[in-house]
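# Architecture and fold: a report
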Amino acid sequence: MAPGQTNGHFSQEATARILVVDDEPRLVSALASLLRSCGYEVTEANGGKHACELIDTRDFDFAMLDLRMPEVDGFAVMTHLGRKQPECGIIVISGESSFTAVSRALRRGALDYIRKPFDPEELIATVKRVIGKQMLVKAHEDVQVRLEKSEALHRYIVNSSPDIVFMLDANGRFCFINSKVESMLGYKPNELCGRNFRCILDDRDVARGIYAFNAPDISADNPRTLEVRLKTRGSRQATRHFEVTAFPVDPQTWTHNHRAQGGGSGQNACYYGTARDVTERKEAEAFINFQAYHDLLTRLPNRALFKDRLELAITHARREEQTLAVMFLDLDRFKIINDTLGHAMGDRLLQAVTQRLESCLRKGDTLSRFGGDEFTLLLPSIRSPEDASQIARKLIKTLKTPFLLGEHEVFVGVSIGIAIYPDAGDSMDQLIQNADIAMYHVKAKGKDSYSFFSESMSVDSTHRLHLERDLRQALEKNELRVFYQPQVCAGTNQILGLEALVRWQHPERGLLYPGDFLGLAEETNLISHLSEQVLDQACRDVGQWIRAGHQNLRLAVNLSPVEVEHPRFVETLIERVKSNEFPPGNLEIEITENVIMNDLEQISQKLRELAGLGVRIAIDDFGTGYSSLNYLHRLPIHTLKIDQSFVQGIHSGVDDVCIVNAIIAMAHGLKLEIVAEGVETEKQLEYLRTLRCHQVQGFFYGPAQPAEDISKLLVQKPACVAVSS
């Protein structure tokens, strides 16, 4: 007998020849052993390719095969078997349980479908049943049996389908729908039968649904597939997404089935279809799309979406000859709060800031989180720059009120740069860049304000970039210098302390003073590195003089707010002092009132820790900040420094004299030491002496000097040195 031909009849059931096909050898072996134990003649095929080779050379009564196999899958084996041995029965045994796969296998001629993992007893029973039925069909060649088999398989598909299966008549009314509709949408099958399918379509998809079924090219070979929203029972607002596949059928050839679970018999059916719930997939797609264009923390548009909207706004403004504004917002003091209270509190603060900022916007404005604590704002179709100014003022004002994070009350401000189209640029990148430049201009002037971009800022920005590059190199090449200004006893002219002041010996621009670069160092986060270098050098210099015999010589250092507000400020300062073997009792740190009042609770704790280690605390520029006297008796403060602006007003302004008098009198009452800064004339010195001001410093005793010049002064006497006036 030639390969591929059959003998025209089945062998007896006990000796039925069965081909077992799977890409898992252990499963093939186990299944073959099970079938052989029942007396069947079994041939094993490891994979689809091997099965096709066996089909070409041997005859089989039945094939049991998997669907999902590499190289040659089960469907390909079924096709090959259909060509070579069309009388061979097929049983699918597979872990693939999707409606599409089951339906496809049954359409290809599978007699039954067994899911993995299988129960051995059920499998043998199924095999016996299928073999018996197939032998009967083959023996009698009864067409009616084939029809019954087809109906049974259809019932299996319909009843076990995870999808809604339905039939429509020529008018689009349900004439059958399976019971799955009740668990998915809440409708009983019988209540839908006789009603038009549009009754469960979401109103937004009715037109699409009607058009799909009336399309001229729809056929059994070209079914219509579309995604629509279906309404759930009891609420028109509750909808789910479904993928509907439907095609026409001939009512004359359709076999009506009265035993499928559901409503209706399918009589007069003109369309057959399925509806698969894809709500989770659609929601996942929507979430992925949201992630791509939004910041998940604040729910604001992200940089990509902001740029898209800005591009569209520019196109519209150009066409309509209108004006728009781009704002670049940077939160002040956010980094300090984030480092101090932790990232969780920082995230809560960003969310709270977002809510306040959104409350100031107009309909159509776009606020986005550009990254970190930076935001951008698009104001389309403004009438004049004043509109942008009003919004900027509202934004600044709304952030003035403190934020309550748990038990902490924190303050943040915002620096805003504004670029107006088309004056400040006619492209997306130009407007964003120039708004950013204007924002940095605000920060350089003192923060918590706003500024419009001007061409002069571009020059300043270029200069700033060059200066930042040079400053980084200066820190690497040790170009910073420490100068010292004596703090002198007003009564004896003796040097009691030295204030360390940083200078930058720039290779091209010469000696630069703190005002030229300290603000930049704070903005670029270089201030900590800079301060470490200055403190190390000052501790080495003054420590050497202390060890040389000036045991009471005090070192005063002025600390940046960024340093003081850092959560590891105390640990870092003490580490530097210990590493340089400097006595803490000879160190006095100078901080401003504003630093204390920004976060009184945290700063108080830090100052108490330092005072406990012997470090002295001085309030710098006293009288120019909050001037709240409440904190003076609560904190371990040793010294008040009168700002030089008040000292210079002595004998020239009555108000300034009154302030100096009040500060000195208050210091005496609180038993605090006083240092008057900026003393330049004999008259100023004499006036301060009459008020019993303890110490003075200023140009009257000379400018700040390098260490070698200070050494010469200190060499004159072993202890405190009198300085000639």
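Read on for an overview of the structure. Treat the numbers as computed from the prediction; the structure is a model and nothing was measured. (Residues numbered from 1 in each chain as written. Predicted model: local features only at pLDDT ≥ 70, side-chain atom pairs only at ≥ 80, totals over all residues. Heavy atoms only, no water.)

## Things to note about the environment of glutamate 227
What counts here: A run of H or I in DSSP counts as a helix once it spans at least four residues, and a run of E counts as a strand once it spans at least two, with each numbered from the N terminus. Three exposure classes are used, based on accessible area relative to the maximum for each residue type with a 1.4 Å probe and protein chains only: buried under 20%, partly exposed in between, and exposed over 50%. Any two residues having at least one pair of non-hydrogen atoms within 4.5 Å are treated as being in contact. Within 3.5 Å is the distance limit for a polar contact, defined as a pair of N or O atoms, with the added protein rule that one can donate a hydrogen and the other accept it, and that residues adjacent in sequence qualify only through two side-chain atoms.
Tracing the backbone shows glutamate 227 in strand β8 (residues 224-232). Take glutamate 227: its relative accessible area is 27%, and that puts it in the partly exposed class. Residues glutamate 227 and threonine 245, spaced 18 residues apart in sequence, show a C-alpha to C-alpha distance of 8.9 Å. If we ignore the near neighbours within four places in the chain, the residues touching glutamate 227 are Arg208, Phe242, Glu243, Arg281 and Lys282. In terms of polar contacts, glutamate 227 uses its side chain to reach the side chain of lysine 282, at 3.1 Å.

## Here's the deal with the pairing of strand β1 (residues 17-22)
Using the following cut-off: Here, a strand pair is defined by DSSP locating no fewer than two bridges between the strands. Seen with its strands pointing away from the viewer, a crossover is right-handed if its path from the first strand over the helix to the second goes clockwise.
Burial within β1 is extensive, with six of its six residues counted as buried. Here β1 shows two buried faces, one formed by Arg17, Leu19 and Val21 and the other by Ile18, Val20 and Asp22. By the bridge criterion, six bridges tie β1 to strand β2 (residues 41-46) in an arrangement that is parallel. Within the sheet, the bridge partner assigned to isoleucine 18 lies in β2 and is valine 42. With helix α1 (residues 25-36) bridging β1 and the parallel β2, this β-α-β connection has right-handed handedness.

## Some thoughts on the environment of histidine 408
Mapped onto the elements of the fold, histidine 408 is located in strand β16 (residues 408-410). Residue histidine 408 is classed as partly exposed on the basis of its relative accessible area of 22%. Expressed as a C-alpha distance, the spacing of histidine 408 and glutamine 602, which sit 194 residues apart in the sequence, is 9.7 Å. When neighbours within four sequence positions are excluded, histidine 408 is seen to be in contact with Leu341, Phe403, Glu601 and Gln602.

## Thoughts on the sheet that holds β2
Selection criterion: Helix axes use the C-alpha atoms of the stretch in contact, all axes being lines fitted to C-alpha atoms, and the angles between their N-to-C directions lie in the range 0 to 180 degrees.
Read from one edge of the open sheet, five strands run β2-β1-β3-β4-β5, paired in parallel fashion. Only two strands of the sheet have a single partner each, and these edge strands are β2 and β5 (112-115). Mean inter-strand twist for the sheet, computed between neighbouring axes without regard to direction, equals 20 degrees. For β1 and strand β3 (residues 62-65), the ladder comprises four bridges, and the chain directions are parallel. Bridge assignment links valine 20 to a residue of β3, and that residue is methionine 64. Across the face of the sheet, helix α2 (residues 48-57) comes into contact with β1 and β2 while running at roughly 135 degrees to β2.

## Structural notes on the packing of α2 against helix α3 (residues 74-84)
Relative orientation and spacing of two packed helices are given, respectively, by the angle between their axes and the distance between those axes. This is how it is decided: Any angle between 65 and 115 degrees counts as roughly perpendicular, while under 35 counts as roughly parallel, over 145 as roughly antiparallel, and the rest as oblique. Three residue categories are used. Nonpolar comprises Ala, Val, Leu, Ile, Met, Phe, Trp, Tyr, Cys and Pro, charged comprises Asp, Glu, Lys and Arg, and polar comprises the others, including Gly.
Packing of α2 against α3 leaves a shortest axis separation of 10 Å and a crossing angle of 5 degrees. In terms of orientation, α2 and α3 fall into the roughly parallel class. Contacts between α2 and α3 pair Gly48, Ala51, Cys52, Ile55 and Asp56 from the former with Val77, His80, Leu81 and Lys84 from the latter. Partitioning the contact of α2 with α3 into residue classes produces five nonpolar, two polar and two charged.

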